[in-house]
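# Overview (structure and organization)
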Amino acid sequence: MTHRAPEPLPQVAALDPYVPGKPSPSEAGSLASNESPFGASPQVAEALAAYASRIHRYPSPLASGVSAELARLHGVDPERVLVGNGSDEVIYLLAMAYAAGGRAVCADPPYRLDEIVPQIVGASVVKVPLKDWAHDLDAMADVDADLAFVVNPHNPTGTTVTREAIRAFAERSRARLVVVDEAYVEFADDPEAVTMVHETGGNLAVMRTLSKAYGLAGARVGYLVADPVVIDALRRIRPPFSVTGPSQAAALAALADTAHLAWVRDKTRQGRERLYRLFEAAGYEVVPSQANFVLVVAPDAEELQARLERGGVSVRLGANLELPGTVRVTVASDEGFELLERALESS
Ligand SMILES: *Cc1c(COP(=O)(O)O)cnc(C)c1O
(Lines give C-alpha, C1' and ligand atoms only; values in the text may rest on other atoms or scores of the structure.)
Protein backbone atom coordinates (compact mmCIF):
# COMPACT_ATOMS: atom_id res chain seq x y z
CA MET A 1 0.00 0.00 0.00
CA THR A 2 1.82 3.09 -1.21
CA HIS A 3 -0.95 5.70 -1.42
CA ARG A 4 -4.09 6.56 0.53
CA ALA A 5 -7.38 5.13 -0.76
CA PRO A 6 -8.82 7.64 -3.27
CA GLU A 7 -11.85 9.82 -2.59
CA PRO A 8 -14.89 8.70 -4.61
CA LEU A 9 -16.70 11.11 -6.93
CA PRO A 10 -18.23 13.99 -4.92
CA GLN A 11 -21.82 12.88 -5.64
CA VAL A 12 -20.95 9.40 -4.32
CA ALA A 13 -19.36 10.79 -1.15
CA ALA A 14 -22.46 12.97 -0.58
CA LEU A 15 -24.96 10.16 -1.15
CA ASP A 16 -27.57 9.25 1.45
CA PRO A 17 -27.66 5.53 0.65
CA TYR A 18 -30.62 3.16 0.48
CA VAL A 19 -31.60 1.58 3.82
CA PRO A 20 -33.30 -1.80 3.30
CA GLY A 21 -36.13 -2.97 5.58
CA LYS A 22 -34.95 -4.67 8.79
CA PRO A 23 -35.04 -8.47 8.75
CA SER A 24 -37.87 -9.70 10.93
CA PRO A 25 -37.47 -11.88 14.02
CA SER A 26 -39.87 -14.31 12.29
CA GLU A 27 -40.64 -15.29 8.68
CA ALA A 28 -44.39 -14.68 9.06
CA GLY A 29 -43.81 -11.32 10.77
CA SER A 30 -41.72 -9.96 7.91
CA LEU A 31 -43.90 -7.01 6.89
CA ALA A 32 -41.25 -4.37 6.15
CA SER A 33 -40.27 -4.94 2.53
CA ASN A 34 -43.47 -5.57 0.53
CA GLU A 35 -42.41 -9.10 -0.35
CA SER A 36 -45.11 -11.66 -1.10
CA PRO A 37 -46.03 -13.57 2.07
CA PHE A 38 -47.61 -16.19 -0.21
CA GLY A 39 -44.36 -17.26 -1.83
CA ALA A 40 -43.61 -18.06 -5.46
CA SER A 41 -45.36 -20.67 -7.59
CA PRO A 42 -44.33 -24.23 -6.59
CA GLN A 43 -43.20 -24.63 -10.22
CA VAL A 44 -40.33 -22.24 -9.47
CA ALA A 45 -38.62 -24.69 -7.10
CA GLU A 46 -38.78 -27.39 -9.78
CA ALA A 47 -37.38 -25.09 -12.43
CA LEU A 48 -34.49 -24.11 -10.15
CA ALA A 49 -33.68 -27.73 -9.35
CA ALA A 50 -33.77 -28.65 -13.04
CA TYR A 51 -31.42 -25.76 -13.85
CA ALA A 52 -28.61 -27.17 -11.70
CA SER A 53 -27.29 -29.40 -14.50
CA ARG A 54 -26.79 -26.33 -16.73
CA ILE A 55 -25.12 -24.09 -14.15
CA HIS A 56 -21.68 -24.29 -15.85
CA ARG A 57 -23.05 -22.51 -18.97
CA TYR A 58 -23.56 -18.78 -19.42
CA PRO A 59 -27.23 -17.85 -19.56
CA SER A 60 -28.99 -16.06 -22.40
CA PRO A 61 -27.26 -12.62 -22.38
CA LEU A 62 -30.46 -10.59 -22.71
CA ALA A 63 -32.77 -13.16 -21.08
CA SER A 64 -34.37 -13.66 -24.49
CA GLY A 65 -36.71 -16.45 -23.41
CA VAL A 66 -38.10 -14.31 -20.62
CA SER A 67 -38.44 -11.20 -22.76
CA ALA A 68 -40.19 -13.21 -25.51
CA GLU A 69 -42.66 -14.53 -22.95
CA LEU A 70 -43.25 -11.05 -21.50
CA ALA A 71 -43.76 -9.65 -24.99
CA ARG A 72 -46.35 -12.35 -25.67
CA LEU A 73 -48.05 -11.69 -22.35
CA HIS A 74 -48.39 -7.97 -23.05
CA GLY A 75 -49.02 -8.31 -26.79
CA VAL A 76 -45.98 -6.23 -27.77
CA ASP A 77 -42.99 -6.80 -30.03
CA PRO A 78 -39.96 -8.39 -28.22
CA GLU A 79 -37.89 -5.43 -29.44
CA ARG A 80 -39.87 -3.37 -26.91
CA VAL A 81 -38.86 -5.38 -23.83
CA LEU A 82 -35.68 -5.27 -21.76
CA VAL A 83 -35.23 -7.63 -18.79
CA GLY A 84 -32.95 -6.51 -15.96
CA ASN A 85 -31.53 -7.73 -12.66
CA GLY A 86 -34.59 -6.46 -10.86
CA SER A 87 -36.26 -3.26 -11.96
CA ASP A 88 -33.62 -1.59 -9.83
CA GLU A 89 -31.05 -2.40 -12.53
CA VAL A 90 -33.38 -0.90 -15.13
CA ILE A 91 -33.42 2.34 -13.11
CA TYR A 92 -29.59 2.39 -13.17
CA LEU A 93 -29.56 1.80 -16.94
CA LEU A 94 -32.14 4.53 -17.56
CA ALA A 95 -30.21 6.99 -15.42
CA MET A 96 -26.91 6.19 -17.17
CA ALA A 97 -28.33 6.35 -20.68
CA TYR A 98 -30.56 9.40 -20.26
CA ALA A 99 -29.81 11.43 -17.15
CA ALA A 100 -26.02 11.40 -16.47
CA GLY A 101 -25.13 14.96 -15.50
CA GLY A 102 -28.71 16.02 -16.18
CA ARG A 103 -31.90 16.12 -14.15
CA ALA A 104 -34.62 13.76 -12.94
CA VAL A 105 -38.01 14.50 -11.44
CA CYS A 106 -39.92 12.29 -9.02
CA ALA A 107 -42.47 12.53 -6.23
CA ASP A 108 -41.71 13.67 -2.68
CA PRO A 109 -41.54 11.26 -0.94
CA PRO A 110 -40.22 9.17 -3.84
CA TYR A 111 -39.42 5.51 -4.28
CA ARG A 112 -35.96 5.96 -2.80
CA LEU A 113 -34.01 4.57 -5.77
CA ASP A 114 -35.60 7.10 -8.15
CA GLU A 115 -33.82 9.74 -6.08
CA ILE A 116 -30.57 7.90 -5.31
CA VAL A 117 -29.66 6.48 -8.73
CA PRO A 118 -29.79 9.73 -10.75
CA GLN A 119 -27.57 11.34 -8.09
CA ILE A 120 -24.99 8.58 -8.57
CA VAL A 121 -24.64 9.54 -12.24
CA GLY A 122 -24.30 13.21 -11.34
CA ALA A 123 -27.87 14.27 -12.09
CA SER A 124 -29.82 16.67 -9.92
CA VAL A 125 -33.19 15.48 -8.65
CA VAL A 126 -36.30 17.62 -8.31
CA LYS A 127 -38.85 16.20 -5.89
CA VAL A 128 -42.44 17.34 -6.20
CA PRO A 129 -44.58 16.96 -3.05
CA LEU A 130 -47.50 14.53 -3.20
CA LYS A 131 -51.01 15.97 -3.17
CA ASP A 132 -53.50 13.97 -1.05
CA TRP A 133 -50.86 11.21 -0.86
CA ALA A 134 -50.72 10.90 -4.70
CA HIS A 135 -48.42 12.23 -7.46
CA ASP A 136 -49.02 15.88 -8.36
CA LEU A 137 -48.60 15.35 -12.10
CA ASP A 138 -49.53 18.94 -12.99
CA ALA A 139 -46.63 20.26 -10.94
CA MET A 140 -44.27 17.51 -12.11
CA ALA A 141 -45.03 18.29 -15.77
CA ASP A 142 -43.55 21.78 -15.39
CA VAL A 143 -40.11 20.46 -14.42
CA ASP A 144 -37.46 20.46 -17.15
CA ALA A 145 -35.94 17.01 -16.85
CA ASP A 146 -34.33 14.13 -18.71
CA LEU A 147 -36.26 11.51 -16.79
CA ALA A 148 -39.59 11.59 -14.93
CA PHE A 149 -40.50 8.77 -12.56
CA VAL A 150 -44.16 8.07 -11.80
CA VAL A 151 -44.75 5.14 -9.45
CA ASN A 152 -48.25 3.77 -9.97
CA PRO A 153 -49.45 2.51 -7.48
CA HIS A 154 -47.00 4.63 -5.49
CA ASN A 155 -44.60 3.31 -2.87
CA PRO A 156 -44.78 4.25 0.05
CA THR A 157 -48.42 5.44 -0.14
CA GLY A 158 -50.24 2.81 -2.26
CA THR A 159 -52.12 5.54 -4.16
CA THR A 160 -52.77 5.56 -7.90
CA VAL A 161 -53.16 8.19 -10.60
CA THR A 162 -55.52 7.55 -13.51
CA ARG A 163 -54.48 6.48 -16.98
CA GLU A 164 -56.00 9.66 -18.38
CA ALA A 165 -53.80 11.69 -16.01
CA ILE A 166 -50.66 9.82 -17.09
CA ARG A 167 -51.58 10.16 -20.75
CA ALA A 168 -52.00 13.91 -20.29
CA PHE A 169 -48.75 14.04 -18.33
CA ALA A 170 -46.76 12.25 -21.06
CA GLU A 171 -48.26 14.67 -23.57
CA ARG A 172 -47.47 17.82 -21.62
CA SER A 173 -44.43 16.91 -19.49
CA ARG A 174 -41.18 18.76 -20.11
CA ALA A 175 -39.32 15.53 -19.26
CA ARG A 176 -37.66 13.77 -22.21
CA LEU A 177 -38.65 10.30 -21.00
CA VAL A 178 -41.53 9.38 -18.68
CA VAL A 179 -41.07 6.10 -16.78
CA VAL A 180 -44.12 4.61 -15.07
CA ASP A 181 -43.06 2.11 -12.39
CA GLU A 182 -45.86 -0.46 -12.07
CA ALA A 183 -44.22 -2.72 -9.45
CA TYR A 184 -47.56 -3.13 -7.63
CA VAL A 185 -50.06 -2.90 -10.48
CA GLU A 186 -51.14 -6.56 -10.24
CA PHE A 187 -52.67 -5.80 -6.83
CA ALA A 188 -54.92 -2.97 -8.04
CA ASP A 189 -58.66 -3.72 -7.92
CA ASP A 190 -58.63 -3.46 -11.73
CA PRO A 191 -55.03 -3.63 -13.04
CA GLU A 192 -56.19 -3.07 -16.63
CA ALA A 193 -57.69 0.25 -15.57
CA VAL A 194 -54.36 1.37 -14.11
CA THR A 195 -51.61 0.02 -16.38
CA MET A 196 -50.03 1.96 -19.23
CA VAL A 197 -48.25 -1.10 -20.58
CA HIS A 198 -50.36 -1.10 -23.76
CA GLU A 199 -49.57 2.56 -24.44
CA THR A 200 -45.77 2.53 -24.32
CA GLY A 201 -43.66 4.03 -27.09
CA GLY A 202 -42.20 7.44 -27.86
CA ASN A 203 -41.50 9.21 -24.56
CA LEU A 204 -43.55 6.78 -22.41
CA ALA A 205 -42.07 3.64 -20.82
CA VAL A 206 -43.43 1.18 -18.25
CA MET A 207 -41.36 -0.71 -15.70
CA ARG A 208 -42.54 -3.93 -14.06
CA THR A 209 -41.07 -6.49 -11.67
CA LEU A 210 -41.47 -10.13 -10.71
CA SER A 211 -40.41 -9.27 -7.14
CA LYS A 212 -43.87 -8.57 -5.76
CA ALA A 213 -46.93 -10.39 -7.16
CA TYR A 214 -44.84 -13.27 -8.57
CA GLY A 215 -42.94 -13.67 -5.28
CA LEU A 216 -39.48 -13.62 -6.89
CA ALA A 217 -37.79 -10.83 -4.90
CA GLY A 218 -34.78 -13.09 -4.31
CA ALA A 219 -34.36 -13.90 -8.02
CA ARG A 220 -34.04 -10.25 -9.13
CA VAL A 221 -36.05 -10.00 -12.34
CA GLY A 222 -37.62 -6.77 -13.56
CA TYR A 223 -38.27 -5.31 -16.99
CA LEU A 224 -39.00 -2.27 -19.10
CA VAL A 225 -41.53 -2.02 -21.91
CA ALA A 226 -40.63 0.95 -24.10
CA ASP A 227 -40.01 2.31 -27.57
CA PRO A 228 -37.47 0.12 -29.45
CA VAL A 229 -35.13 3.14 -29.55
CA VAL A 230 -35.06 3.25 -25.74
CA ILE A 231 -34.67 -0.52 -25.44
CA ASP A 232 -31.79 -0.45 -27.94
CA ALA A 233 -30.02 2.25 -25.91
CA LEU A 234 -30.30 0.23 -22.69
CA ARG A 235 -29.15 -2.99 -24.40
CA ARG A 236 -25.97 -1.19 -25.44
CA ILE A 237 -24.98 -0.49 -21.85
CA ARG A 238 -26.50 -3.42 -19.96
CA PRO A 239 -23.98 -5.89 -18.48
CA PRO A 240 -24.51 -8.87 -20.85
CA PHE A 241 -25.33 -11.54 -18.26
CA SER A 242 -26.95 -9.43 -15.56
CA VAL A 243 -29.95 -11.75 -15.13
CA THR A 244 -28.65 -15.11 -13.91
CA GLY A 245 -29.63 -18.44 -15.50
CA PRO A 246 -31.51 -19.65 -12.39
CA SER A 247 -33.38 -16.36 -12.28
CA GLN A 248 -34.41 -16.67 -15.92
CA ALA A 249 -35.63 -20.22 -15.28
CA ALA A 250 -37.51 -19.07 -12.17
CA ALA A 251 -39.10 -16.20 -14.09
CA LEU A 252 -40.36 -18.46 -16.89
CA ALA A 253 -41.88 -20.88 -14.37
CA ALA A 254 -43.52 -18.05 -12.40
CA LEU A 255 -44.97 -16.40 -15.51
CA ALA A 256 -46.50 -19.71 -16.62
CA ASP A 257 -48.41 -20.27 -13.37
CA THR A 258 -51.32 -17.88 -13.88
CA ALA A 259 -53.42 -19.70 -11.26
CA HIS A 260 -50.86 -18.91 -8.56
CA LEU A 261 -50.86 -15.25 -9.59
CA ALA A 262 -54.66 -15.08 -9.44
CA TRP A 263 -54.64 -16.64 -5.96
CA VAL A 264 -51.97 -14.20 -4.70
CA ARG A 265 -53.97 -11.26 -6.03
CA ASP A 266 -57.12 -12.39 -4.23
CA LYS A 267 -55.31 -13.08 -0.96
CA THR A 268 -53.54 -9.71 -1.17
CA ARG A 269 -56.74 -7.74 -1.77
CA GLN A 270 -58.39 -9.49 1.18
CA GLY A 271 -55.29 -8.86 3.29
CA ARG A 272 -55.40 -5.16 2.44
CA GLU A 273 -58.97 -4.95 3.79
CA ARG A 274 -57.88 -6.81 6.90
CA LEU A 275 -55.03 -4.34 7.46
CA TYR A 276 -57.48 -1.39 7.19
CA ARG A 277 -59.82 -2.99 9.74
CA LEU A 278 -57.02 -3.83 12.18
CA PHE A 279 -55.33 -0.45 12.22
CA GLU A 280 -58.57 1.54 12.11
CA ALA A 281 -59.86 -0.46 15.08
CA ALA A 282 -56.62 0.45 16.87
CA GLY A 283 -57.42 4.15 16.26
CA TYR A 284 -55.16 4.90 13.28
CA GLU A 285 -55.93 6.52 9.94
CA VAL A 286 -54.96 4.36 6.96
CA VAL A 287 -54.30 5.65 3.43
CA PRO A 288 -56.49 3.68 0.93
CA SER A 289 -54.07 1.46 -1.02
CA GLN A 290 -53.99 -0.36 -4.35
CA ALA A 291 -50.73 -2.16 -3.48
CA ASN A 292 -49.71 -5.07 -1.22
CA PHE A 293 -49.08 -2.71 1.71
CA VAL A 294 -50.83 0.10 3.52
CA LEU A 295 -49.49 3.35 4.91
CA VAL A 296 -50.65 3.89 8.49
CA VAL A 297 -50.72 7.46 9.78
CA ALA A 298 -49.27 7.11 13.28
CA PRO A 299 -48.29 10.12 15.39
CA ASP A 300 -46.64 7.53 17.66
CA ALA A 301 -44.88 5.77 14.75
CA GLU A 302 -41.64 4.93 16.63
CA GLU A 303 -43.56 3.55 19.60
CA LEU A 304 -45.91 1.56 17.35
CA GLN A 305 -42.97 0.07 15.46
CA ALA A 306 -41.26 -0.92 18.71
CA ARG A 307 -44.45 -2.55 20.03
CA LEU A 308 -44.89 -4.58 16.84
CA GLU A 309 -41.21 -5.53 16.88
CA ARG A 310 -41.59 -6.94 20.40
CA GLY A 311 -44.44 -9.05 19.05
CA GLY A 312 -42.22 -10.48 16.29
CA VAL A 313 -43.48 -8.20 13.51
CA SER A 314 -41.25 -5.86 11.53
CA VAL A 315 -42.77 -2.93 9.63
CA ARG A 316 -41.12 -0.03 7.80
CA LEU A 317 -40.78 3.21 9.70
CA GLY A 318 -42.00 6.13 7.58
CA ALA A 319 -39.12 8.23 8.90
CA ASN A 320 -36.83 6.04 6.74
CA LEU A 321 -39.05 6.63 3.71
CA GLU A 322 -39.13 10.43 4.08
CA LEU A 323 -42.62 10.21 5.64
CA PRO A 324 -42.25 10.76 9.40
CA GLY A 325 -45.35 10.04 11.45
CA THR A 326 -46.25 6.92 9.45
CA VAL A 327 -45.45 3.23 9.23
CA ARG A 328 -45.75 1.08 6.11
CA VAL A 329 -47.12 -2.41 6.64
CA THR A 330 -47.06 -5.20 4.05
CA VAL A 331 -50.01 -7.61 3.68
CA ALA A 332 -49.34 -10.73 5.77
CA SER A 333 -50.03 -14.46 5.59
CA ASP A 334 -52.68 -15.85 7.97
CA GLU A 335 -49.92 -16.64 10.45
CA GLY A 336 -48.47 -13.15 10.06
CA PHE A 337 -51.89 -11.60 10.71
CA GLU A 338 -52.16 -13.58 13.96
CA LEU A 339 -48.80 -12.19 15.10
CA LEU A 340 -49.84 -8.69 14.06
CA GLU A 341 -53.20 -8.86 15.87
CA ARG A 342 -51.55 -10.04 19.08
CA ALA A 343 -48.80 -7.43 18.83
CA LEU A 344 -51.32 -4.61 18.28
CA GLU A 345 -53.30 -5.64 21.35
CA SER A 346 -50.20 -5.82 23.56
CA SER A 347 -48.68 -2.81 25.27
C1 LIG B 1 -40.33 -3.23 -4.83
C2 LIG B 1 -40.27 -2.16 -5.86
C3 LIG B 1 -39.62 -2.38 -7.06
C4 LIG B 1 -39.01 -3.71 -7.35
O5 LIG B 1 -37.65 -3.63 -7.52
P6 LIG B 1 -36.89 -4.94 -8.01
O7 LIG B 1 -35.52 -4.42 -8.23
O8 LIG B 1 -37.55 -5.39 -9.27
O9 LIG B 1 -36.99 -5.94 -6.91
C10 LIG B 1 -39.61 -1.39 -8.01
N11 LIG B 1 -40.22 -0.22 -7.80
C12 LIG B 1 -40.86 0.03 -6.64
C13 LIG B 1 -41.56 1.32 -6.46
C14 LIG B 1 -40.89 -0.93 -5.64
O15 LIG B 1 -41.50 -0.66 -4.48
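Quick note: structure is the one above.
Residues numbered from 1 in each chain as written. Predicted model: local features only at pLDDT ≥ 70, side-chain atom pairs only at ≥ 80, totals over all residues. Heavy atoms only, no water.

## Details of the overall build of the protein chain
Broken down by element type, the protein chain carries 12 helices and 11 strands. Its C-alpha radius of gyration of 20 Å places the protein chain within 12% of the 20 Å reference for a compact globule of 347 residues. Principal axes of the C-alpha set define a box for the protein chain whose edges measure 60 × 55 × 50 Å. Here the protein chain, with 347 residues, has 54% of them falling under the buried criterion. Nonlocal contacts in the protein chain, meaning residues at least 24 apart in sequence, comprise 73% of its contacts between residues at least 6 apart. Surface summary for the protein chain: the accessible area is close to 15100 Å², and the carbon and sulfur share equals 53%. Of note, the protein chain has its 32 positive side-chain charges centred 4 Å away from the centre of its 45 negative side-chain charges. (Helix = DSSP H or I, 4+ residues; strand = E, 2+ residues; numbered from the N terminus. Rg over C-alpha atoms; globule rule 2.2 N^0.38 Å. Buried < 20%, exposed > 50% of the residue type's maximum accessible area, 1.4 Å probe, protein only. Contact = heavy atoms within 4.5 Å. Areas by Shrake-Rupley, 256 points an atom, 1.4 Å probe, with all protein chains shown as cover. Lys, Arg positive; Asp, Glu negative; His and termini not counted. Charge placed at Lys NZ, Arg CZ, Asp CG, Glu CD.)

## Structural notes on the site of the ligand
Taken together, 13 residues are adjacent to the ligand, and Asp-181, Tyr-184, Thr-209, Ser-211 and Lys-212 come closest. Interatomic distance of 2.8 Å between a side-chain N/O atom of Asn-155 and an oxygen atom of the ligand. One of the side-chain N or O atoms of Arg-220 is found 2.6 Å from an oxygen atom in the ligand. In isolation the ligand offers 380 Å² of accessible surface; the protein chains occlude 94% of this area. Examining the composition of the shell around the ligand, we find that 3 residues originate from one element, helix α4 (residues 86-99), more than from any other. (Near = heavy atom within 4 Å. Polar contact = N/O pair within 3.5 Å; in protein donor to acceptor, adjacent residues only side chain to side chain.)

## Topic: helix α11 (residues 301-310)
Among all positions of α11, only Ala-301, Leu-304, Gln-305, Arg-307 and Leu-308 are buried. All buried residues of α11 project into a common sector of 160° when viewed along the axis, lining one side. Residues Glu-303 and Arg-310 are exposed on α11 and point more than 90 degrees away from its buried face. On the buried face of α11, the contacting elements are α10 (258-281), β10 (316-317), β11 (326-330) and α12 (334-345). Within two residues after α11, Gly-312 carries a phi angle of roughly 85°, on the positive side. (Arc of directions from axis to C-beta.)

## A closer look at the pairing of strand β3 (residues 124-129)
Successive side chains on a regular strand alternate, one facing one side of the sheet and the next facing the other. For strand β2 (residues 103-108) and β3, the ladder comprises 6 bridges, and the chain directions are parallel. In the sheet register, Ala-107 faces β3, and the bridge partner there is Val-128. (Pairing = 2+ DSSP bridges.)

## Focus: the packing of aromatic side chains
According to the stated counting rule, one finds 4 aromatic pairs in the structure shown. The ring of Phe-293 has Arg-328 lying over it, and the distance from NZ or CZ to the ring centre is 5.6 Å. (Phe/Tyr/Trp six-rings, centres within 6.5 Å; stacked < 30°, edge-to-face > 60°. Lys NZ or Arg CZ within 6 Å of the ring centre and 35° of its normal.)

## Quick notes on helix α3 (residues 64-74)
Residues of α3 that are buried: Val-66, Ser-67, Glu-69, Leu-70, Ala-71 and His-74. Looking at the residues trailing α3, positive phi occurs at Gly-75, about 65°.

## What to know about the pairing of strand β1 (residues 81-85)
β1 sits mainly inside the fold: 4 of its 5 residues count as buried. Here 5 bridges tie β1 to strand β7 (residues 221-225), and the two strands are oriented antiparallel to one another. The partner of Asn-85 across the bridge, within β7, is Val-221.

## Topic: unusual backbone geometry
Residues other than glycine predominantly adopt negative phi, and peptide bonds predominantly adopt the trans conformation. Residues Asn-152 and Pro-153 are joined by a peptide bond in cis, for which omega reads 0°. Tracing the backbone through its elements, the reader meets Pro-153 in the loop between β4 (145-151) and α7 (163-172). Backbone torsion omega between Asn-155 and Pro-156 reads 20°, so that peptide bond is classified as cis. In this model, Arg-220 sits at a positive phi of 65°, which is unusual for a non-glycine residue. Here Arg-220 shows up in the loop between β6 (204-209) and β7.

## What to know about the side chain of Arg-316
Mapped onto the secondary structure, Arg-316 falls in strand β10. The charged side chain of Arg-316 is buried without a salt bridge, its nearest counter-charge being Glu-35 at 8.9 Å. A polar contact is formed between the side chain of Arg-316 and the backbone oxygen of Val-19, at a distance of 2.5 Å. The contact partners of Arg-316, leaving out residues within four places of it in the chain, are Tyr-18, Val-19, Pro-20, Gly-21, Leu-31, Ala-32, Leu-321, Val-327 and Arg-328. (Salt bridge = Lys/Arg side-chain N within 4 Å of Asp/Glu carboxyl O.)

## Comments concerning the packing of helix α2 (residues 42-51) against helix α9 (residues 245-256)
Contact geometry of α2 with α9 gives a least axis separation of 8 Å together with a crossing angle of 145°. Here α2 runs over α9; the crossing is right-handed. Across the interface between the two elements, Gln-43, Val-44, Ala-47, Leu-48 and Tyr-51 of α2 pack against Gly-245, Pro-246, Ala-249, Ala-250, Ala-253 and Ala-254 of α9. (Axes fitted to C-alpha atoms, helices over the stretch in contact; angles between N-to-C directions. Left-handed = near helix turned anticlockwise from the far one by under 90°.)

## So, the side chain of Ser-41
The residue Ser-41 is located in the loop between α1 (10-13) and α2 in this model. Separated by 3.0 Å, the side chain of Ser-41 and the backbone nitrogen of Gln-43 make a polar contact. Polar contacts involving the side chain of Ser-41 include one to the side chain of Asp-257, which spans 2.6 Å. When neighbours within four sequence positions are excluded, Ser-41 is seen to be in contact with Asp-257 and His-260.

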